[in-house]
Amino acid sequence: MALGNKRKYYMIGGKGGVGKTSCAASLAVKFANSGHPTIVISTDPAHSLSDSFSQDLSGGDPVPVEGVDSPLYALEIVPDKLKLKEDLQSSTQGGGSAGIKDLMDSMGLGAMFDQLGDLKFEELMDNPPPGMDEIVAISKVMGLLESPSYSMFSRIVFDTAPTGHTLRLLSLPDFMDSSLGKMMKLQKKLASASAAIKSVLGKQEKQLDTPDQLELLWGCTRKVRDLFHDPDAMEFIIVTIPTVMAVSESARLCRSLRKENVPTRRLLLNQVLPPSSSDCKFCAMKRKEQMNALNLVRNDPELSRLSLIDATLFDAEIRGVPALNFMGNSIWK
Ligand SMILES: Nc1ncnc2c1ncn2[C@@H]1O[C@H](COP(=O)(O)OP(=O)(O)OP(=O)(O)O)[C@@H](O)[C@H]1O
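We now turn to the structure provided with this report.

The rules behind the values
- Per chain, the residues get numbers from 1 upward, laid out in the order the sequence is written.
- The predicted origin of the model limits local features to residues at a pLDDT of at least 70 and limits the giving and counting of side-chain atom pairs to 80 or more, whereas totals for whole chains, interfaces and linings rest on all residues.
- Derived side-chain values reflect all non-hydrogen atoms in the structure, with water molecules and hydrogen atoms excluded from consideration.
- Take the buried Ala, Val, Leu, Ile, Met, Phe, Trp, Tyr and Cys residues and link them wherever side-chain atoms come within 4.5 Å; each set so joined is a nonpolar core.
- Relative accessibility thresholds used throughout: buried, under 20% of the residue-type maximum; exposed, over 50%; partly exposed, between the two (1.4 Å probe, protein chains only).
- Only runs of H or I of at least four residues qualify as helices and only runs of E of at least two qualify as strands under DSSP, and these elements are numbered from the N terminus.
- Residue contacts are defined here by distance: any two heavy atoms, one from each residue, within 4.5 Å place the two residues in contact.
- Between the N-to-C directions of two axes lies an angle of 0 to 180 degrees, each axis being a line fitted to C-alpha atoms and, for a helix, fitted only over the stretch in contact.
- Comment on the angle field: the value is read as roughly parallel under 35 degrees, roughly antiparallel over 145, roughly perpendicular from 65 to 115, and oblique elsewhere.
- With the far helix as reference, a near helix turned anticlockwise by less than a right angle produces a left-handed crossing, and one turned clockwise produces a right-handed crossing.
- Ten residues, namely Ala, Val, Leu, Ile, Met, Phe, Trp, Tyr, Cys and Pro, are considered nonpolar, four, namely Asp, Glu, Lys and Arg, are considered charged, and the remaining ones, Gly among them, are considered polar.
- Any residue with a heavy atom lying within 4 Å of a molecule or strand is counted as near it.
- Whenever a nitrogen or oxygen atom comes within 3.5 Å of another N or O atom, the pair is scored as a polar contact, on the condition that within protein one atom can donate a hydrogen and the other can accept it, and that pairs from neighbouring residues in sequence are kept only if both atoms are in side chains.
- We count a salt bridge whenever a side-chain nitrogen from Lys or Arg sits within 4 Å of a carboxyl oxygen from Asp or Glu.
- Pairing of aromatic side chains here covers Phe, Tyr and the six-membered ring of Trp, requires ring centres within 6.5 Å, and sorts the geometry by plane angle: under 30 degrees stacked, over 60 edge-to-face, intermediate tilted.
- Under the convention used throughout, the expected extent of a helix is 1.5 Å for every residue step, that is, one less than its residue count.
- Note on pairing: two strands pair once DSSP finds at least 2 bridges between them.

Looking at the nonpolar core
- The biggest cluster of nonpolar side chains holds 35 residues, and the ones touching the most others in it are Phe 53 and Leu 72.
- Elements with a contribution of two residues or more to this core: strand 1 (8–14), helix 1 (20–33), helix 2 (49–53), strand 4 (72–76), strand 6 (234–240), strand 8 (307–312) and helix 12 (321–331).
- When sequence neighbours within four positions are dropped, the list of residues in contact with Phe 53 reads Ala 25, Val 29, Val 40, Val 65, Leu 72, Ala 74, Gly 320, Val 321 and Leu 324.
- In terms of nonpolar packing, the next biggest core, distinct from the first, is built from 33 residues, Tyr 9, Ala 137, Val 247 and Ala 293 among them.

Take a look at the structure:
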């Protein structure tokens, strides 16, 4: 995973509490110690990256992490619904769907508005679908990552929210692409209609040649969508633990990722009991249960196709760079 200097993105996801953050943070530390300038980004609204690094990362800007060989930054994304609403409203001239419909009616273009089908601007702005604020935040971060000041990062690790949220997130770029695409089409038609009317009335129309918020957002969302499907640039790593419930959920996640064509090659089985020649009754029971879950992985048509990474259950909580370095060296070979 550390081979090559071409930029690569890793998304770490799975059921709640299985160790996604610890795995993402330890992978980021491993990359940084393998010579890669790295940034680890939490998109989980209930962040725990700060706890994992024992460092306050909540400011909304990337924070440098000390104690590694190459630059390592960590960032907790703060999705900001109000800002999303502002962005969309400023791009649709502040009126929402009612405003646009009135304006178009007054220009005799009401039929064009109706043709826009099921897209409900007002609803989209007032009740963004779950995950939309997150995808907008990711899209904005992706925009940032392309700026010259971020070009040094060759590894980007995302610590994602628990499964359900991640799945919505993965299908959202397509939704956003079509929604924003329709809004932009409408905006362009409105702009040219209003320019035509103004030129008939003898008024000068100022030409806007810079992309607006909507166009920028659309561009970034398309990049996220393309990235989610690019096997050379991106990989989704499923983290699970050896319990029947976690493995069953991971199998569902794996199927959905395949359906969405998201490159998925590895399954990290976390918190596996270390070998022991003298198990107590509790550990013997636990080990039996873990073997059952492992058999479930081996017999699952989707999960069995992934390469399996074992991560031991450590006897201490993984917090801070030295602990993450230890975990990283033990699981990410
Ligand atoms: N292999 C391990 N050995 C021991 N403790 C572990 C291991 N992996 C994770 N933990 C501990 O389990 C707890 C949950 O881990 P973590 O926060 O990484 O999970 P998560 O999947 O990101 O959780 P959430 O879904 O709530 O974001 C933490 O206390 C962490 O230190």
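From this point, the discussion proceeds with the structure in view.
Quick look at the packing of helix 10 (residues 244–259) against helix 11 (residues 281–299)
- At a minimum axis distance of 9 Å, the contact between helix 10 and helix 11 shows a crossing angle of 15°. Judged by the inter-axis angle, helix 10 sits roughly parallel to helix 11. Here helix 10 runs over helix 11; the crossing is right-handed. Contacts from Val 244, Val 247 and Ser 248 of helix 10 reach helix 11 at Ala 293, Leu 296 and Val 297.
- Each residue belonging to the contact of helix 10 with helix 11 can be placed in one class, and the counts come to five nonpolar, one polar and no charged.

What about the site of the ligand?
- Looking at the ligand, there are 18 residues lining it, with Gly 17, Lys 20, Thr 21, Ser 22 and Glu 317 nearest.
- Between the ligand and the protein, one listed contact pairs an oxygen atom with a backbone N or O atom of Gly 19 at 2.9 Å.
- At the level of elements, helix 1 and strand 7 (264–272) are the ones that each hand at least two residues to the shell around the ligand.
- For the shell around the ligand, the element with the highest residue contribution is helix 1, accounting for three residues.
- Classifying every residue of the shell around the ligand by side-chain character gives six nonpolar, nine polar and three charged.

Some words on the pattern of salt bridges
- The full count for this structure, using the stated rule, is seven salt bridges.
- Linking Glu 249 and Lys 15 is a salt bridge whose minimum nitrogen-to-oxygen distance equals 3.5 Å. Taken together, the residues span a long stretch of sequence, with Glu 249 in helix 10 and Lys 15 in the loop between strand 1 and helix 1 at a distance of 234 residues.
- The class for Glu 249 is buried, based on a relative accessible area of 17%.
- For Lys 15, a relative accessible area of 24% gives the class partly exposed.
- The salt bridge involving Arg 305 is made with Glu 302; its shortest N-O contact spans 3.7 Å.
- Here the residues in one salt-bridge network are Glu 235, Arg 265 and Arg 266, joined through shared partners.

Here's the deal with the packing of aromatic side chains
- Within this structure, the stated rule accounts for four aromatic pairs.
- Each ring, one from Tyr 10 and one from Phe 31, has its centre 5.4 Å from the other, and the planes form 40°; the classification is tilted. Taken together, the positions of Tyr 10 in strand 1 and Phe 31 in helix 1 put the pair 21 residues apart, joining distant regions of the chain. No difference in accessibility class separates Tyr 10 from Phe 31, as the two residues are buried.
- Arranged with centres 6.1 Å apart and planes meeting at 45°, the rings of Tyr 150 and Phe 153 form a pair that is tilted. For the residue pair Tyr 150 and Phe 153, the accessibility class agrees, reading buried in each case.
- Put simply, the rings of Tyr 73, Tyr 150 and Phe 153 pair up and form one aromatic cluster.

Quick word on helix 10
- With 16 residues, helix 10 extends 23 Å from end C-alpha to end C-alpha; this agrees with the ideal 22 Å at 1.5 Å per step.
- Listing the buried residues of helix 10 in full gives Ala 246, Val 247, Glu 249, Ser 250, Ala 251, Leu 253, Cys 254 and Leu 257.
- Directly after helix 10, the chain includes Asn 261, whose backbone phi takes a positive value near 60°.

Examining the environment of Asn 295
- With respect to the element layout, Asn 295 can be found in helix 11.
- Asn 295 sits in the partly exposed class, given a relative accessible area of 33%.
- Residues Asn 295 and Val 244 lie 51 residues apart in sequence; the distance between their C-alpha atoms is 9.7 Å.

Some points on the sheet that holds strand 7
- Here we have eight strands laid out as an open sheet, ordered 3-4-2-5-1-6-7-8, and mixed in their pairing. Each having just a single partner strand, strand 3 (63–64) and strand 8 make up the two edges of the open sheet.
- Judged from the five bridges that link them, strand 2 (residues 38–42) and strand 4 form a sheet pairing that is parallel. Directly across from Thr 38, in strand 4, lies its bridge partner Leu 72.

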